[in-house]
Amino acid sequence: MPTPVVPPARTGDAATASARRLSPAVVWLFSVASGLAVANVYYAQPLLDLIADDLGIGRATVGLVGTLTQVGYAVGLVLLVPLGDHLDRRLLITAQLGLSVAALTAVAVAPSAALMLLATAAVGVLAVVAQVMVAHAASLADPADQGRVVGTVTSGIVIGILLARTVAGTIGDLAGWRAVYVVSAIATGVTAVVLAAAVPAEPRRRPERIRYPRLVGSVFTLFAEEPVLRVRAGLALLVFTAVTILLTPMVLPLAAPPFDLSHTEIGLFGLAGAAGALGAGHAGRQADRGRARRTLAVGLTAMLVSWPLAGLLPHSVWWLVLAMVVIDYGLQSVHVVNQHLLYQVRPEARSRLTAGYMLFYSIGSALGAIVSTVVYEHGGWTAVCWLGGGVSLLALAFWRATERRATERGATRRGVSP
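Rules behind the numbers
Residues numbered from 1 in each chain as written. Predicted model: local features only at pLDDT ≥ 70, side-chain atom pairs only at ≥ 80, totals over all residues. Heavy atoms only, no water. Helix = DSSP H or I, 4+ residues; strand = E, 2+ residues; numbered from the N terminus. Buried < 20%, exposed > 50% of the residue type's maximum accessible area, 1.4 Å probe, protein only. Contact = heavy atoms within 4.5 Å. Areas by Shrake-Rupley, 256 points an atom, 1.4 Å probe, with all protein chains shown as cover. Axes fitted to C-alpha atoms, helices over the stretch in contact; angles between N-to-C directions. Parallel < 35°, antiparallel > 145°, perpendicular 65-115°, else oblique. Left-handed = near helix turned anticlockwise from the far one by under 90°. Nonpolar A, V, L, I, M, F, W, Y, C, P; charged D, E, K, R; others polar. Expected span 1.5 Å × (residues − 1). Core = buried A, V, L, I, M, F, W, Y, C linked by side-chain atoms within 4.5 Å. Phe/Tyr/Trp six-rings, centres within 6.5 Å; stacked < 30°, edge-to-face > 60°. 1 Å grid on protein atoms, 1.4 Å probe; cavity = no way out; pocket = protein on both sides within 12 Å on 5 of 7 lines; lining within 4 Å. Points joined across faces, edges and corners; volume = space filled by probe spheres on them. Salt bridge = Lys/Arg side-chain N within 4 Å of Asp/Glu carboxyl O.

(A) Highlighting the overall build of the protein. On a plain count of helices and strands, the protein comes out with 18 helices and zero strands. The proportion of buried residues among the 418 residues of the protein is 53%. Expressed as a percentage of contacts within the protein between residues at least 6 apart in sequence, the contacts between residues at least 24 apart total 84%. Roughly 17800 Å² of accessible area belongs to the protein as shown, and the carbon and sulfur atoms make up 67% of that amount.

What follows is the structure, encoded as C-alpha coordinates:
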(Lines give C-alpha, C1' and ligand atoms only; values in the text may rest on other atoms or scores of the structure.)
Protein backbone atom coordinates (compact mmCIF):
# COMPACT_ATOMS: atom_id res chain seq x y z
CA MET A 1 0.00 0.00 0.00
CA PRO A 2 1.22 3.53 -0.69
CA THR A 3 2.47 5.53 2.21
CA PRO A 4 -0.16 8.01 3.38
CA VAL A 5 0.70 11.59 2.61
CA VAL A 6 0.58 13.82 5.67
CA PRO A 7 -0.86 17.21 4.72
CA PRO A 8 1.05 20.30 5.76
CA ALA A 9 0.12 21.90 9.05
CA ARG A 10 -2.73 24.37 8.79
CA THR A 11 -3.39 27.52 10.70
CA GLY A 12 -4.97 25.67 13.61
CA ASP A 13 -1.96 23.39 13.86
CA ALA A 14 0.34 26.37 13.83
CA ALA A 15 -1.70 27.95 16.58
CA THR A 16 -1.46 24.72 18.58
CA ALA A 17 2.29 24.69 18.15
CA SER A 18 2.56 28.31 19.22
CA ALA A 19 0.41 27.62 22.27
CA ARG A 20 3.16 25.36 23.60
CA ARG A 21 5.32 28.47 23.81
CA LEU A 22 2.51 30.54 25.35
CA SER A 23 3.27 29.59 28.92
CA PRO A 24 1.05 30.57 31.87
CA ALA A 25 3.70 33.11 32.82
CA VAL A 26 3.40 34.82 29.43
CA VAL A 27 -0.40 34.83 29.66
CA TRP A 28 -0.17 36.55 33.06
CA LEU A 29 2.39 38.96 31.64
CA PHE A 30 -0.14 39.91 28.97
CA SER A 31 -2.74 40.36 31.71
CA VAL A 32 -0.56 42.63 33.84
CA ALA A 33 0.64 44.65 30.85
CA SER A 34 -2.92 45.15 29.58
CA GLY A 35 -4.09 46.26 33.01
CA LEU A 36 -1.25 48.78 33.31
CA ALA A 37 -1.99 50.14 29.84
CA VAL A 38 -5.71 50.72 30.29
CA ALA A 39 -5.26 52.09 33.83
CA ASN A 40 -3.57 55.11 32.26
CA VAL A 41 -6.99 56.26 31.03
CA TYR A 42 -8.40 56.41 34.57
CA TYR A 43 -5.58 57.73 36.75
CA ALA A 44 -6.68 61.36 36.42
CA GLN A 45 -10.18 60.89 37.87
CA PRO A 46 -9.28 61.16 41.59
CA LEU A 47 -6.53 63.71 40.86
CA LEU A 48 -8.57 66.44 39.18
CA ASP A 49 -8.52 68.81 42.15
CA LEU A 50 -4.73 68.47 42.52
CA ILE A 51 -4.22 69.01 38.78
CA ALA A 52 -6.49 72.06 38.79
CA ASP A 53 -4.64 73.70 41.67
CA ASP A 54 -1.19 72.99 40.23
CA LEU A 55 -1.86 74.16 36.66
CA GLY A 56 -4.38 76.88 37.44
CA ILE A 57 -7.26 75.17 35.66
CA GLY A 58 -10.81 76.06 36.65
CA ARG A 59 -12.94 73.40 38.29
CA ALA A 60 -15.38 73.47 35.38
CA THR A 61 -12.56 73.03 32.84
CA VAL A 62 -10.43 70.40 34.54
CA GLY A 63 -12.98 67.73 33.60
CA LEU A 64 -11.53 67.97 30.09
CA VAL A 65 -8.64 65.84 31.33
CA GLY A 66 -10.86 62.78 31.61
CA THR A 67 -12.90 63.66 28.53
CA LEU A 68 -9.88 64.05 26.25
CA THR A 69 -8.38 60.81 27.51
CA GLN A 70 -11.58 58.92 26.70
CA VAL A 71 -11.88 60.62 23.31
CA GLY A 72 -8.27 59.69 22.62
CA TYR A 73 -9.05 56.07 23.50
CA ALA A 74 -11.94 56.00 21.01
CA VAL A 75 -9.69 57.50 18.33
CA GLY A 76 -7.05 54.88 19.06
CA LEU A 77 -9.59 52.08 18.66
CA VAL A 78 -10.34 53.25 15.13
CA LEU A 79 -6.88 54.34 13.99
CA LEU A 80 -4.41 52.06 15.81
CA VAL A 81 -6.05 48.76 16.78
CA PRO A 82 -6.81 47.76 13.14
CA LEU A 83 -3.07 47.90 12.43
CA GLY A 84 -2.83 44.58 14.25
CA ASP A 85 -4.25 42.96 11.11
CA HIS A 86 -1.68 44.74 8.95
CA LEU A 87 1.55 44.67 10.98
CA ASP A 88 3.37 42.26 13.27
CA ARG A 89 1.45 42.58 16.54
CA ARG A 90 4.47 42.04 18.76
CA LEU A 91 6.30 44.96 17.15
CA LEU A 92 3.13 47.07 17.25
CA ILE A 93 2.71 46.39 20.98
CA THR A 94 6.32 47.27 21.74
CA ALA A 95 6.12 50.49 19.70
CA GLN A 96 2.88 51.60 21.36
CA LEU A 97 4.25 50.94 24.84
CA GLY A 98 7.39 52.92 24.02
CA LEU A 99 5.31 55.86 22.81
CA SER A 100 3.16 55.54 25.94
CA VAL A 101 6.24 56.05 28.09
CA ALA A 102 6.91 59.29 26.20
CA ALA A 103 3.28 60.46 26.55
CA LEU A 104 3.14 59.66 30.27
CA THR A 105 6.41 61.47 30.84
CA ALA A 106 5.04 64.48 28.96
CA VAL A 107 2.03 64.54 31.29
CA ALA A 108 4.28 64.34 34.35
CA VAL A 109 6.47 67.28 33.32
CA ALA A 110 3.85 69.40 31.52
CA PRO A 111 4.45 73.07 32.42
CA SER A 112 1.05 74.29 31.25
CA ALA A 113 -2.55 73.17 31.07
CA ALA A 114 -2.57 73.11 27.26
CA LEU A 115 0.42 70.78 27.01
CA MET A 116 -0.94 68.59 29.79
CA LEU A 117 -4.30 68.20 28.01
CA LEU A 118 -2.57 67.37 24.73
CA ALA A 119 -0.40 64.75 26.44
CA THR A 120 -3.36 63.12 28.20
CA ALA A 121 -5.14 62.80 24.84
CA ALA A 122 -2.05 61.00 23.51
CA VAL A 123 -2.07 58.72 26.56
CA GLY A 124 -5.66 57.76 25.73
CA VAL A 125 -4.85 57.04 22.08
CA LEU A 126 -1.94 54.77 23.00
CA ALA A 127 -3.78 52.95 25.82
CA VAL A 128 -5.60 50.88 23.18
CA VAL A 129 -2.46 48.72 23.10
CA ALA A 130 -4.39 46.66 25.68
CA GLN A 131 -6.80 45.57 22.94
CA VAL A 132 -3.93 44.70 20.60
CA MET A 133 -2.54 42.50 23.37
CA VAL A 134 -5.85 40.66 23.75
CA ALA A 135 -5.92 39.91 20.03
CA HIS A 136 -2.27 38.82 20.04
CA ALA A 137 -2.78 36.51 23.03
CA ALA A 138 -5.84 34.98 21.35
CA SER A 139 -3.85 34.36 18.17
CA LEU A 140 -1.05 32.63 20.07
CA ALA A 141 -3.38 30.42 22.10
CA ASP A 142 -4.44 26.92 21.24
CA PRO A 143 -8.03 27.16 19.86
CA ALA A 144 -9.19 24.79 22.60
CA ASP A 145 -7.70 27.10 25.24
CA GLN A 146 -8.48 30.45 23.65
CA GLY A 147 -11.36 31.35 25.95
CA ARG A 148 -9.28 30.86 29.09
CA VAL A 149 -6.43 32.95 27.68
CA VAL A 150 -8.76 35.76 26.62
CA GLY A 151 -10.46 35.59 30.02
CA THR A 152 -7.17 35.90 31.89
CA VAL A 153 -5.98 38.88 29.86
CA THR A 154 -9.39 40.55 30.08
CA SER A 155 -9.44 40.15 33.85
CA GLY A 156 -6.17 42.10 33.95
CA ILE A 157 -7.75 44.92 31.95
CA VAL A 158 -10.77 45.16 34.23
CA ILE A 159 -8.70 44.99 37.41
CA GLY A 160 -6.50 47.75 35.99
CA ILE A 161 -9.56 49.93 35.39
CA LEU A 162 -11.02 49.27 38.82
CA LEU A 163 -7.79 49.76 40.80
CA ALA A 164 -6.48 52.77 38.85
CA ARG A 165 -8.44 55.23 40.97
CA THR A 166 -7.25 53.67 44.24
CA VAL A 167 -3.60 53.59 43.18
CA ALA A 168 -3.69 57.12 41.78
CA GLY A 169 -5.36 58.52 44.88
CA THR A 170 -2.83 56.90 47.21
CA ILE A 171 0.25 58.00 45.24
CA GLY A 172 -1.27 61.44 44.71
CA ASP A 173 -1.76 61.90 48.45
CA LEU A 174 1.81 60.80 49.18
CA ALA A 175 3.81 62.44 46.39
CA GLY A 176 1.55 64.60 44.22
CA TRP A 177 -0.31 63.98 40.98
CA ARG A 178 2.78 64.14 38.76
CA ALA A 179 4.31 61.19 40.63
CA VAL A 180 1.42 58.99 39.46
CA TYR A 181 2.46 59.44 35.84
CA VAL A 182 6.16 59.06 36.62
CA VAL A 183 5.48 55.70 38.28
CA SER A 184 3.27 54.64 35.38
CA ALA A 185 5.91 55.63 32.82
CA ILE A 186 8.53 53.53 34.61
CA ALA A 187 6.19 50.54 34.94
CA THR A 188 5.22 50.81 31.26
CA GLY A 189 8.84 50.98 30.15
CA VAL A 190 9.78 47.90 32.17
CA THR A 191 6.74 46.07 30.79
CA ALA A 192 7.72 46.92 27.20
CA VAL A 193 11.20 45.47 27.67
CA VAL A 194 9.91 42.28 29.30
CA LEU A 195 7.21 41.76 26.67
CA ALA A 196 9.67 42.22 23.82
CA ALA A 197 11.88 39.53 25.31
CA ALA A 198 9.24 37.04 26.47
CA VAL A 199 6.37 37.11 24.00
CA PRO A 200 6.71 34.99 20.86
CA ALA A 201 5.78 36.26 17.42
CA GLU A 202 2.80 34.75 15.66
CA PRO A 203 4.07 31.87 13.50
CA ARG A 204 3.14 31.60 9.83
CA ARG A 205 0.83 34.61 9.88
CA ARG A 206 0.78 36.80 6.83
CA PRO A 207 -0.77 40.12 7.87
CA GLU A 208 -3.11 41.63 5.29
CA ARG A 209 -1.37 44.10 3.03
CA ILE A 210 -4.07 46.64 2.34
CA ARG A 211 -3.93 50.41 2.24
CA TYR A 212 -4.38 52.12 5.58
CA PRO A 213 -7.59 54.07 4.73
CA ARG A 214 -9.22 50.87 3.54
CA LEU A 215 -8.00 49.05 6.65
CA VAL A 216 -9.65 51.61 8.94
CA GLY A 217 -12.81 51.73 6.82
CA SER A 218 -13.15 47.95 7.00
CA VAL A 219 -13.80 48.27 10.76
CA PHE A 220 -17.20 49.65 9.81
CA THR A 221 -17.87 47.40 6.80
CA LEU A 222 -17.39 44.40 9.09
CA PHE A 223 -20.64 45.40 10.81
CA ALA A 224 -22.48 44.88 7.53
CA GLU A 225 -20.70 41.60 6.81
CA GLU A 226 -20.69 39.87 10.21
CA PRO A 227 -23.94 39.37 12.17
CA VAL A 228 -21.88 38.06 15.09
CA LEU A 229 -20.20 41.47 15.41
CA ARG A 230 -23.55 43.29 15.31
CA VAL A 231 -25.02 41.16 18.07
CA ARG A 232 -21.92 41.21 20.28
CA ALA A 233 -21.50 44.98 19.87
CA GLY A 234 -25.15 45.60 20.73
CA LEU A 235 -24.81 43.47 23.83
CA ALA A 236 -21.59 45.28 24.81
CA LEU A 237 -23.32 48.64 24.53
CA LEU A 238 -26.06 47.56 26.93
CA VAL A 239 -23.94 45.80 29.56
CA PHE A 240 -21.31 48.53 29.75
CA THR A 241 -24.05 51.15 29.97
CA ALA A 242 -25.51 49.25 32.93
CA VAL A 243 -22.20 48.96 34.79
CA THR A 244 -21.35 52.63 34.28
CA ILE A 245 -24.78 53.56 35.63
CA LEU A 246 -23.71 51.93 38.89
CA LEU A 247 -20.12 53.16 39.07
CA THR A 248 -20.53 56.80 38.04
CA PRO A 249 -23.00 58.24 40.61
CA MET A 250 -22.24 55.94 43.55
CA VAL A 251 -19.75 58.45 44.98
CA LEU A 252 -22.62 60.87 45.59
CA PRO A 253 -24.59 58.84 48.18
CA LEU A 254 -21.42 57.40 49.71
CA ALA A 255 -19.91 60.84 50.31
CA ALA A 256 -23.16 62.20 51.76
CA PRO A 257 -24.74 61.51 55.17
CA PRO A 258 -25.19 59.05 56.78
CA PHE A 259 -22.07 57.42 55.31
CA ASP A 260 -19.77 60.45 54.85
CA LEU A 261 -17.00 58.33 53.32
CA SER A 262 -13.76 59.93 52.19
CA HIS A 263 -12.55 59.68 48.59
CA THR A 264 -9.90 57.20 49.68
CA GLU A 265 -12.53 54.99 51.32
CA ILE A 266 -14.77 55.22 48.26
CA GLY A 267 -11.82 54.25 46.07
CA LEU A 268 -11.52 50.99 48.00
CA PHE A 269 -14.84 49.90 46.49
CA GLY A 270 -12.82 49.14 43.39
CA LEU A 271 -11.43 46.13 45.25
CA ALA A 272 -14.94 44.66 45.35
CA GLY A 273 -15.28 45.08 41.60
CA ALA A 274 -11.86 43.50 41.10
CA ALA A 275 -13.00 40.43 43.03
CA GLY A 276 -15.96 40.06 40.69
CA ALA A 277 -13.73 40.55 37.66
CA LEU A 278 -11.82 37.40 38.55
CA GLY A 279 -14.81 35.55 37.11
CA ALA A 280 -13.44 36.35 33.66
CA GLY A 281 -11.11 33.33 33.75
CA HIS A 282 -13.97 31.01 34.71
CA ALA A 283 -16.11 32.38 31.88
CA GLY A 284 -13.32 31.75 29.39
CA ARG A 285 -12.92 28.13 30.50
CA GLN A 286 -16.67 27.57 30.18
CA ALA A 287 -16.62 29.01 26.66
CA ASP A 288 -13.77 26.64 25.74
CA ARG A 289 -15.98 23.74 26.85
CA GLY A 290 -18.81 24.78 24.54
CA ARG A 291 -20.91 26.43 27.26
CA ALA A 292 -20.93 29.95 25.87
CA ARG A 293 -24.72 30.27 25.89
CA ARG A 294 -25.05 29.06 29.46
CA THR A 295 -22.28 31.43 30.57
CA LEU A 296 -23.98 34.36 28.87
CA ALA A 297 -27.30 33.50 30.52
CA VAL A 298 -25.67 33.33 33.95
CA GLY A 299 -23.75 36.56 33.41
CA LEU A 300 -26.73 38.57 32.21
CA THR A 301 -28.90 37.23 35.03
CA ALA A 302 -26.23 38.15 37.58
CA MET A 303 -26.17 41.72 36.27
CA LEU A 304 -29.94 41.95 36.65
CA VAL A 305 -29.86 40.51 40.18
CA SER A 306 -27.23 43.03 41.28
CA TRP A 307 -29.64 45.96 41.09
CA PRO A 308 -32.02 44.96 43.91
CA LEU A 309 -28.89 44.48 46.03
CA ALA A 310 -27.61 47.94 45.10
CA GLY A 311 -31.01 49.37 45.98
CA LEU A 312 -30.45 48.33 49.59
CA LEU A 313 -27.54 50.78 49.95
CA PRO A 314 -29.48 53.09 52.33
CA HIS A 315 -29.51 50.20 54.83
CA SER A 316 -25.82 49.24 54.58
CA VAL A 317 -22.81 49.86 52.32
CA TRP A 318 -22.18 46.11 52.34
CA TRP A 319 -25.15 45.63 50.01
CA LEU A 320 -23.40 47.87 47.49
CA VAL A 321 -20.16 45.90 47.93
CA LEU A 322 -22.04 42.69 47.16
CA ALA A 323 -23.78 44.31 44.20
CA MET A 324 -20.43 45.37 42.74
CA VAL A 325 -19.02 41.85 43.03
CA VAL A 326 -22.09 40.37 41.34
CA ILE A 327 -22.40 42.93 38.54
CA ASP A 328 -18.68 42.78 37.67
CA TYR A 329 -18.79 39.00 37.62
CA GLY A 330 -21.74 39.18 35.24
CA LEU A 331 -20.09 41.82 33.07
CA GLN A 332 -16.88 39.86 32.69
CA SER A 333 -18.76 36.66 31.87
CA VAL A 334 -20.56 38.44 29.02
CA HIS A 335 -17.49 40.36 27.84
CA VAL A 336 -15.18 37.34 27.68
CA VAL A 337 -17.72 35.14 25.87
CA ASN A 338 -18.41 37.97 23.41
CA GLN A 339 -14.72 38.20 22.56
CA HIS A 340 -14.34 34.44 22.40
CA LEU A 341 -17.13 34.19 19.83
CA LEU A 342 -15.80 37.13 17.81
CA TYR A 343 -12.32 35.65 17.55
CA GLN A 344 -13.71 32.47 15.98
CA VAL A 345 -15.34 34.30 13.09
CA ARG A 346 -12.48 35.78 11.05
CA PRO A 347 -9.01 35.20 12.49
CA GLU A 348 -7.45 37.46 9.86
CA ALA A 349 -9.59 40.39 11.10
CA ARG A 350 -9.31 39.94 14.87
CA SER A 351 -7.91 43.39 15.53
CA ARG A 352 -10.60 45.12 13.46
CA LEU A 353 -13.34 43.06 15.07
CA THR A 354 -11.95 44.09 18.46
CA ALA A 355 -11.91 47.75 17.42
CA GLY A 356 -15.54 47.67 16.27
CA TYR A 357 -16.71 45.81 19.34
CA MET A 358 -14.86 48.07 21.79
CA LEU A 359 -16.25 51.19 20.12
CA PHE A 360 -19.66 50.14 21.40
CA TYR A 361 -18.13 49.55 24.83
CA SER A 362 -16.97 53.18 24.78
CA ILE A 363 -20.36 54.44 23.63
CA GLY A 364 -22.10 52.45 26.37
CA SER A 365 -19.74 53.78 29.03
CA ALA A 366 -20.32 57.37 27.89
CA LEU A 367 -24.11 56.94 27.83
CA GLY A 368 -24.15 55.39 31.30
CA ALA A 369 -22.05 58.19 32.76
CA ILE A 370 -24.22 60.96 31.31
CA VAL A 371 -27.64 59.46 31.96
CA SER A 372 -26.95 58.18 35.48
CA THR A 373 -25.88 61.55 36.88
CA VAL A 374 -28.97 63.24 35.42
CA VAL A 375 -31.25 60.56 36.85
CA TYR A 376 -29.57 60.79 40.27
CA GLU A 377 -30.06 64.54 40.35
CA HIS A 378 -33.80 64.19 39.73
CA GLY A 379 -34.67 60.89 41.39
CA GLY A 380 -31.85 59.90 43.73
CA TRP A 381 -30.24 56.51 44.21
CA THR A 382 -33.48 54.55 43.91
CA ALA A 383 -34.12 55.98 40.45
CA VAL A 384 -30.56 55.08 39.41
CA CYS A 385 -31.17 51.47 40.46
CA TRP A 386 -34.43 51.31 38.50
CA LEU A 387 -32.60 52.68 35.45
CA GLY A 388 -29.74 50.19 35.79
CA GLY A 389 -32.15 47.32 36.33
CA GLY A 390 -34.11 48.34 33.24
CA VAL A 391 -30.99 48.43 31.06
CA SER A 392 -29.86 45.04 32.43
CA LEU A 393 -33.28 43.57 31.71
CA LEU A 394 -33.12 44.99 28.19
CA ALA A 395 -29.70 43.33 27.70
CA LEU A 396 -31.12 39.97 28.79
CA ALA A 397 -34.13 40.40 26.47
CA PHE A 398 -31.89 41.44 23.58
CA TRP A 399 -29.74 38.35 24.00
CA ARG A 400 -32.76 36.05 24.19
CA ALA A 401 -34.28 37.61 21.05
CA THR A 402 -31.08 37.27 19.02
CA GLU A 403 -30.54 33.75 20.32
CA ARG A 404 -34.05 32.75 19.29
CA ARG A 405 -33.63 34.31 15.86
CA ALA A 406 -30.35 32.48 15.32
CA THR A 407 -31.93 29.18 16.35
CA GLU A 408 -34.90 29.66 14.05
CA ARG A 409 -32.66 30.34 11.09
CA GLY A 410 -30.35 27.47 12.00
CA ALA A 411 -27.61 30.07 11.85
CA THR A 412 -24.13 28.76 12.28
CA ARG A 413 -20.88 30.21 11.12
CA ARG A 414 -17.92 27.90 11.30
CA GLY A 415 -19.61 26.10 14.14
CA VAL A 416 -20.38 29.29 16.10
CA SER A 417 -23.88 30.68 16.43
CA PRO A 418 -24.21 34.43 16.61
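(B) Up close: the packing of helix α11 (residues 227–247) against helix α16 (residues 292–310). Between α11 and α16, the least distance of the axes is 11 Å, while the angle of their chain directions is 25°. By the angle between their directions, the pair α11 and α16 is classed as roughly parallel. Considering only the axes of α11 and α16, their crossing is left-handed. Contact residues: Arg 232, Leu 235, Val 239, Ala 242, Val 243, Ile 245 and Leu 246 in α11; Leu 296, Leu 300, Met 303, Trp 307 and Ala 310 in α16. Here the contact of α11 with α16 is built from residues that sort into 11 nonpolar, no polar and one charged.

(C) Quick peek at helix α9 (residues 177–198). Between its terminal C-alpha atoms α9 stretches 32 Å, which fits the 32 Å expected from 22 residues at 1.5 Å a residue. Residues of α9 that are buried: Trp 177, Ala 179, Val 180, Tyr 181, Ser 184, Ala 185, Thr 188, Thr 191, Ala 192 and Leu 195. Each element contacted by the buried residues of α9 is listed here: α2 (24–39), α3 (48–55), α5 (89–109), α6 (113–126), α7 (129–140) and α8 (146–175).

(D) Geometry of the nonpolar core. Among the nonpolar cores identified, the biggest contains 125 residues, and Phe 30, Tyr 73, Tyr 181, Leu 195, Leu 320 and Trp 381 are the most heavily contacted of them. For this core, the element with the highest residue contribution is helix α18 (residues 350–409), accounting for 13 residues.

(E) Just helix α4 (residues 64–79), in detail. Over its 16 residues, α4 runs 22 Å from end to end, which matches the ideal 22 Å to within 8%, given 1.5 Å per residue. Of all the positions in α4, only Val 65, Thr 69, Gly 72, Tyr 73, Gly 76, Leu 77 and Val 78 are classed as buried.

(F) Focus on the packing of aromatic side chains. Across all of its chains, the model carries four aromatic pairs by this definition. With a centroid separation of 6.4 Å and an interplanar angle of 85°, the aromatic rings of Tyr 43 and Tyr 181 are classed as edge-to-face. A residue pair is termed long-range when its members are at least 10 positions apart, and Tyr 43 in the loop between α2 and α3 and Tyr 181 in helix α9 qualify at 138 residues. Comparing Tyr 43 with Tyr 181 shows no difference in burial state: the two are buried. Here Trp 177 and Tyr 181 contribute two aromatic rings whose centre-to-centre distance is 6.1 Å and whose plane-to-plane angle is 80°, an arrangement assigned as edge-to-face. A residue pair is termed a helical-turn pair when its members lie 3 or 4 positions apart in one helix, as Trp 177 and Tyr 181 do in helix α9 at four residues. The exposure class of Tyr 181 is buried, given its relative accessible area of 2%. An aromatic cluster of three or more residues is present, and its members are Tyr 43, Trp 177 and Tyr 181.

(G) Structural detail: the packing of α2 against α9. For the pair α2 and α9, the least separation of the axes is 10 Å and the interaxial angle reads 150°. Relative to α9, α2 is oriented roughly antiparallel. As for how α2 packs across α9, the hand of that crossing is left-handed. Of α9, the residues touching α2 (which contributes Val 26, Leu 29, Phe 30, Ala 33 and Leu 36) are Ala 187, Thr 191, Val 194, Leu 195 and Ala 198. By residue class, the composition of the contact of α2 with α9 is nine nonpolar, one polar and no charged.

(H) Up close: empty space enclosed by the protein. Throughout the structure, instances matching the rule amount to two cavities of 30 Å³ or more. Approximately 50 Å³ is the volume attributed to the largest cavity. When its residues are assigned to classes, the lining of the largest cavity shows five nonpolar, two polar and one charged. Reported here for the second largest cavity is a volume of approximately 30 Å³. Split into classes, the residues belonging to the lining of the second largest cavity amount to five nonpolar, three polar and no charged.

(I) Summary view of the pattern of salt bridges. Within this structure, the stated rule accounts for seven salt bridges. Residue Arg 148 is joined to Asp 145 by a salt bridge in which the shortest nitrogen-to-oxygen separation is 2.6 Å. When the shortest N-O distance is used, the salt bridge between Glu 226 and Arg 346 registers 3.2 Å. Of this pair, Glu 226 sits in the loop between α10 (212–225) and α11 while Arg 346 sits in the loop between α17 (317–343) and α18, placing them 120 residues apart in sequence.

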